[in-house]
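# Observations on the model geometry
Okay, here's what each chain looks like letter by letter:
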Amino acid sequence: MEPIIRTENLSIQFGGHRAVDGVNFKMQAKHFKSIIGPNGAGKTTFFNLLSGELKPTEGEIFLRGKSLASDSSIERTRKGLGRSFQITNVFPNLTVLENVRLAVQSREKVRFNFIKHYLQYKAITNEAVEKLEQVLLGNKVNAVASQLSHGEKRKLEIAMLLALNTEILLLDEPTAGMSLEEVPTILEVIRSIKEQGDKTILLIEHKMDMILDLSDSIMVLFNGKLLADGTPSEIMDNETVQNAYLGGLYDEQLIKT
Ligand SMILES: Nc1ncnc2c1ncn2[C@@H]1O[C@H](COP(=O)(O)OP(=O)(O)OP(=O)(O)O)[C@@H](O)[C@H]1O
């Protein structure tokens with residue numbers, strides 16, 4: 001079966017440094033893959049290349065067999081490749097519901113038009129509420145975004161991503177900056193998205209418990225290169241990964257949390 005997404009020799013160079021270096025990667029639809037690697041390994045840069053925020057120095061990305069080379073980030077989203085919003089993309093003075101409604105509207109390209117009206121407005125609102133319930137923010141729809149806790153803001157980002165209805169979800173460290181108490185509910189949210197069974201998910205995370213719990217496969221980046229890609233047990237047993245990363249350079253604290 002053709003992979004839903006794959007890269008061929010994907011590389012980007014910043015000055016003399018190859019932040020992503022010759023990565024050949026592929027994923028089947030509905031698969032859940034996590035990306036791990038030490039700080040500076042190139043994980044976020046890899047996402048930026050997939051989402052179109054950065055242009056590769058070499059190599060290509062194929063979505064359902066077609067090159068994305070000439071597609072902007074917006075076009076990639078339209079084709080089904082969605083990148084999680086960052087807190088900085090959330091409008092702090094709008095309510096939680098208004099933020100998600102804007103994300104739905106951006107997908108539907110709905111502009112204000114009184115004739116198109118009330119029914120459409122209602123459908124968009126209902127969909128936004130449904131996405132908020134899915135991320136366990138159903139009780140916060142009318143809260144002003146700036147007043148959410150950090151963990152709630154991260155859930156709002158996921159709701160906004162879900163509102164784009166893309167088949168592929170790129171989640172960049174959804175637990176970053178969260179208190180330990182907040183982590184289990186994000187895990188629950190991501191697990192429920194996975195269990196719905198209609199998404200292909202790529203997750204960057206440092207929390208190994210969460211990765212092992214969710215992933216069908218794990219890929220390891222190290223110095224921009226793809227060091228290994230396999231099932232969670234293959235990765236945990238892989239000697240190169242252990243030497244380069246899990247056993248040595250990596251912070252054990254992070255693995256345990
Ligand atoms: N726009 C840029 N200009 C120059 N160097 C960059 C740029 N973006 C990333 N880099 C460098 O590329 C390397 C990879 O960074 P990246 O943020 O992708 O790593 P990461 O694996 O996501 O790390 P972390 O786990 O800390 O988020 C780093 O050395 C970083 O300094």
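Residues numbered from 1 in each chain as written. Predicted model: local features only at pLDDT ≥ 70, side-chain atom pairs only at ≥ 80, totals over all residues.

With that out of the way, let us pick up the packing of helix α3 (residues 96-108) against helix α5 (residues 150-163). Between α3 and α5, the shortest axis-to-axis distance is 8 Å and the interhelical angle comes to 25°. The orientation of α3 with respect to α5, classified from their angle, is roughly parallel. The element α3 and its partner α5 pack so that their crossing is right-handed. Side by side, α3 and α5 meet where Val96, Asn99, Val100, Ala103, Val104 and Arg107 of the first sit next to Leu156, Ala159, Met160 and Ala163 of the second. Of the residues assigned to the contact of α3 with α5, the class counts are 8 nonpolar, 1 polar and 1 charged. (Axes fitted to C-alpha atoms, helices over the stretch in contact; angles between N-to-C directions. Helix = DSSP H or I, 4+ residues; strand = E, 2+ residues; numbered from the N terminus. Parallel < 35°, antiparallel > 145°, perpendicular 65-115°, else oblique. Left-handed = near helix turned anticlockwise from the far one by under 90°. Contact = placed C-beta atoms within 7 Å. Nonpolar A, V, L, I, M, F, W, Y, C, P; charged D, E, K, R; others polar.)

The 6 strands are arranged β6-β7-β8-β3-β9-β10 in an open sheet whose pairing can be described as mixed. Each of the sheet's edge strands pairs with one partner strand only, and the pair in question is β6 (81-83) and β10 (225-230). Pairs of neighbouring strands in the sheet enclose a mean axial angle of 20°, with direction left out of account. (Pairing = 2+ DSSP bridges.)

Before going further, it helps to spend a moment on the sheet that holds strand β2 (residues 17-27). Taken in spatial order, the 4 strands line up as β2-β1-β4-β5 in an open sheet, and their pairing is antiparallel. Of all the strands in the sheet, just β2 and β5 (66-67) have a single pairing partner and so form its edges. With 2 bridges joining them, strand β4 (residues 58-63) and β5 adopt antiparallel strand pairing. Along β5, the bridge assignment pairs Leu63 with Lys66.

Moving on: the site of the ligand. The local shell around the ligand consists of Phe14, Ala19, Gly37, Asn39, Gly40, Ala41, Gly42, Lys43, Thr44 and Thr45. Of the residues forming the shell around the ligand, the biggest block, 3 residues, is contributed by helix α1 (residues 43-51). For the shell around the ligand, the per-class residue count stands at 3 nonpolar, 6 polar and 1 charged. (Near = placed C-beta within 6 Å.)

For the protein chain, the assigned domains are domain 1 (1-80 + 167-257) and domain 2 (85-165). Once you take the C-alpha centre of each, domain 1 and domain 2 turn out to be 26 Å apart. With 11 residues of domain 1 at the contact, the number on the domain 2 side is 10 residues. Ranked by residues supplied to the side of domain 1 that touches domain 2, first place goes to helix α6 (residues 183-196) with 4 residues. Taken together, the residues of the side of domain 1 that touches domain 2 break down into 5 nonpolar, 5 polar and 1 charged. (Domains from an automatic or database assignment.)

What follows deals with the confidence of the model for the protein chain. Per-chain confidence: the protein chain averages 89 in pLDDT, with 91% of residues scoring 70 or above. Within the model, pLDDT remains below 50 along residues 249-257, and this stretch shows 10 contacts once partners closer than five positions in the same chain are excluded. Two numbers describe this predicted complex: its pTM, 0.90, and its ipTM, 0.95. (pLDDT = per-residue confidence, 0-100.)

Take the nonpolar core next. In terms of nonpolar packing, the biggest core is built from 66 residues, with Val100, Ala159, Ala163 and Val220 touching the most fellow members. The greatest single-element share of this core, amounting to 7 residues, is contributed by α5. The residues that make up this core include at least three from each of domain 1 (1-80 + 167-257) and domain 2 (85-165). Every residue in contact with Val100, bar those within four places of it in the chain, is listed here: Ala128, Lys131, Leu132, Ala159, Met160 and Ala163. (Core = buried A, V, L, I, M, F, W, Y, C linked by C-beta atoms within 7 Å. Buried ≥ 20, exposed ≤ 12 C-beta atoms within 10 Å, placed from the backbone.)

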